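Given next are the chains, with one letter for each unit.
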Amino acid sequence: MNAAYLAVAAGLAGVVIGQLLPEYFARRRAIRDLYDSAIRAVATAQAARHGVSLTIPRGYLKAPTATTHRKAEHELSLQTVRSWLDATAAARTALAALHPYSPDLKRYWDKFELTPAETDEVISLLDKRRRRPRKRHGLSQ
């Protein structure tokens, strides 16, 4: 009779573990994906920042006159500033999505933009934390 109970208990434990383990790993993977997304967004914002002060040699645009060149350069500058603003907003959003796991990141997403030094710092921090994504990183760190 004990063997029967043991077999039932082992079967039940197998069902419970078989259900919970995949959920655990799926959740872990989803949180790690949030960290990866934030790393990508912060790096993209930093890359977009370098295009903001756009100066293009006249030959690249094949502008027939200096006036057309200035006008084309102005349009391209507006586009790059818009791209940078969009990328910066996306980076803040990606960092804010990590709030349940890393609330201390608020100092990075609760401002207009990251400085280049902060960009390196936050990417390094995100990369470190993505290795243990389910751990809650508090404000005391």
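Residues numbered from 1 in each chain as written. Predicted model: local features only at pLDDT ≥ 70, side-chain atom pairs only at ≥ 80, totals over all residues. Heavy atoms only, no water.

**Some points on the packing of aromatic side chains**
Applying the stated criterion across every chain yields a total of two aromatic pairs. Seen from their ring centres, Tyr24 and Phe25 are 5.2 Å apart, and the 80° between their planes marks the pair as edge-to-face. When its relative accessible area of 42% is taken as the criterion, Phe25 is described as partly exposed. Judged by centre distance (5.8 Å) and plane angle (75°), the ring pair of Trp84 and Phe112 falls under edge-to-face. Of the two residues, Trp84 sits in helix H3 (residues 66-96) while Phe112 sits in the loop between helix H4 (106-109) and helix H5 (116-129), which places them 28 residues apart along the sequence. (Phe/Tyr/Trp six-rings, centres within 6.5 Å; stacked < 30°, edge-to-face > 60°. Buried < 20%, exposed > 50% of the residue type's maximum accessible area, 1.4 Å probe, protein only. Helix = DSSP H or I, 4+ residues; strand = E, 2+ residues; numbered from the N terminus.)

**Section: the packing of helix H1 (residues 2-49) against H5**
Where H1 contacts H5, the axes come no closer than 9 Å and their chain directions differ by 165°. As judged from the angle between their axes, H1 and H5 are roughly antiparallel. Taken as a pair, H1 and H5 cross one another with a handedness that is left-handed. In contact with Tyr35, Ala38, Ile39, Val42, Ala43, Gln46 and Arg49 of H1, H5 contributes Pro116, Thr119, Val122, Ile123, Leu126, Asp127 and Arg129. Grouping the constituent residues of the contact of H1 with H5 by class yields nine nonpolar, two polar and three charged. (Axes fitted to C-alpha atoms, helices over the stretch in contact; angles between N-to-C directions. Parallel < 35°, antiparallel > 145°, perpendicular 65-115°, else oblique. Left-handed = near helix turned anticlockwise from the far one by under 90°. Contact = heavy atoms within 4.5 Å. Nonpolar A, V, L, I, M, F, W, Y, C, P; charged D, E, K, R; others polar.)

**Points about the confidence of the model for the chain**
For the chain, per-residue confidence averages 87 on the pLDDT scale, and 96% of positions sit at 70 or higher. Mean pLDDT across the elements of the chain bottoms out in helix H2 (residues 58-61) (78) and peaks in H5 (94). (pLDDT = per-residue confidence, 0-100.)

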